[in-house]
Amino acid sequence: MSSSAVAPLIVVVGSANMDLVVHASRLPLRGETLLGERFETVNGGKGANQAVAAARVGGTVAMVGCVGGDAFGASLRDALHRERIDGAHVHTIASQPSGIASITVGRDGANSIVVAPGANACVSTAHVDAAADLIARADMLIGQLEVPLATIAHAINIAARNGTPVLLNPAPAQPLPDTLYRQIDYLLVNETEAALLTGLHVSGVPCARFAADALLGKGVRNVIVTLGAQGAIWAGAQGSGYMAAPVVRVVDTTAAGDTFAGGFAVVRASGASMQQSIAFAQRAAAASVTRAGAQPSIPFLAELEEDSISEV
Ligand code: RIB
């Protein structure tokens, strides 16, 4: 998106987590105790990460969510405020802890994540109703599944009734109601999520195409399957294609998908083609994996100018 264009309004309904991150030589095996290396706390959560990603590339962003009445909650709120994200619909639930994610990152950049939702489980249809006007006039609604599915389904319903395009990143994946698929403009999935939603084995480009066709069959308008270092495929009302990912030195893949989602939403809502939007989102995600942490790794628009990402 050019810095002179009118910023699209992106509304994110989703989670905010404090990430408790241990860097280790590798991920532990089942039942194994592994001595790790450094530990850090990092602002994260798929919803907040996607909101930050959209804001950093020029979107006007508002978030609907919940944090706990603890120090993590205050930090997560401050982080949104620093990014100029409208947090009027981010509620503090005094009786709950904030969501946390226990994350291990190996030296190859791969991670494993377990989330304890805490206050994220309290994001309700009433919270969404309070933001209904905002959703109705948004240029894109983004949702994920670290908050209750019923809440996300309700937000999607409001968006669909008002002609607001919907991007759903069904992560962590769970089966979706049939009616929901028909209200989704952009379903953004990785291979694991595509496999869970379709029951198919999804690994690599040909499988991803097959899974995308199955998801289109359920009524989604466009499907994007991200394949990590192998790139992404898309299919749907706007045509289909494959795009290779930029080759970069991977430090930490945490929030790569979130960076893709936020970047895609802003550029697509600004009127770019699917191909342009995916190319931009891939550049943003590639930049994010060269740095550690969730929100600290998410790039700003100026970093995404052509040739500014150092490829291996
Ligand atoms: O997608 C990455 C995010 O997943 C992390 O920031 C963590 O909080 C989990 O929600």
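Refer to the structure presented above.
This structure is a prediction, so every number in the text was calculated from the model and none was measured.

J.: Please clarify how the environment of Ile-100 should be interpreted in this entry.
T.: Mapping Ile-100 onto the fold places it in strand β6 (residues 99–105). Through-space distance from the C-alpha of Ile-100 to that of Met-18 is 4.7 Å; in sequence the pair is 82 residues apart. Excluding residues that lie within four positions of it along the chain, Ile-100 makes contacts with Asn-17, Met-18, Leu-20, Phe-72, Val-114, Val-115 and Ala-116.

J.: Is there a simple way to explain the packing of helix α1 (residues 46–56) against helix α9 (residues 256–269) in this structure?
T.: Helix-helix packing: each pair is described by the crossing angle between the helix axes and the interaxial distance. Viewed as axis vectors pointing N to C, α1 and α9 meet at an angle of 45 degrees, and their least axial separation amounts to 7 Å. By the criterion of interaxial angle, the relationship of α1 to α9 is oblique. The element α1 and its partner α9 pack so that their crossing is right-handed. When α1 is examined against α9, the residues Lys-46, Asn-49, Gln-50, Ala-53 and Ala-54 are found in contact with a partner set consisting of Asp-258, Thr-259, Ala-261, Gly-262, Gly-263 and Val-266. Classifying every residue of the contact of α1 with α9 by side-chain character gives 4 nonpolar, 5 polar and 2 charged.

J.: Would you mind going over unusual backbone geometry with me for this structure?
T.: Excluding glycine, residues mostly have negative phi values, and the peptide bonds linking residues are mostly trans. Pro-172 follows Ala-171 through a cis peptide bond whose omega is -10 degrees. If you trace the backbone, Pro-172 turns up in the loop between β9 (166–169) and α6 (178–181). Backbone geometry at Arg-84 places phi at a positive 60 degrees, although glycine is not the residue there. If you trace the backbone, Arg-84 turns up in the loop between α2 (71–82) and β5 (86–93). In this structure, Ala-255 is a non-glycine residue whose phi angle is positive, near 75 degrees.

Here is what the cut-offs are and how they apply
Residues numbered from 1 in each chain as written. Predicted model: local features only at pLDDT ≥ 70, side-chain atom pairs only at ≥ 80, totals over all residues. Heavy atoms only, no water. Helix = DSSP H or I, 4+ residues; strand = E, 2+ residues; numbered from the N terminus. Contact = heavy atoms within 4.5 Å. Axes fitted to C-alpha atoms, helices over the stretch in contact; angles between N-to-C directions. Parallel < 35°, antiparallel > 145°, perpendicular 65-115°, else oblique. Left-handed = near helix turned anticlockwise from the far one by under 90°. Nonpolar A, V, L, I, M, F, W, Y, C, P; charged D, E, K, R; others polar.

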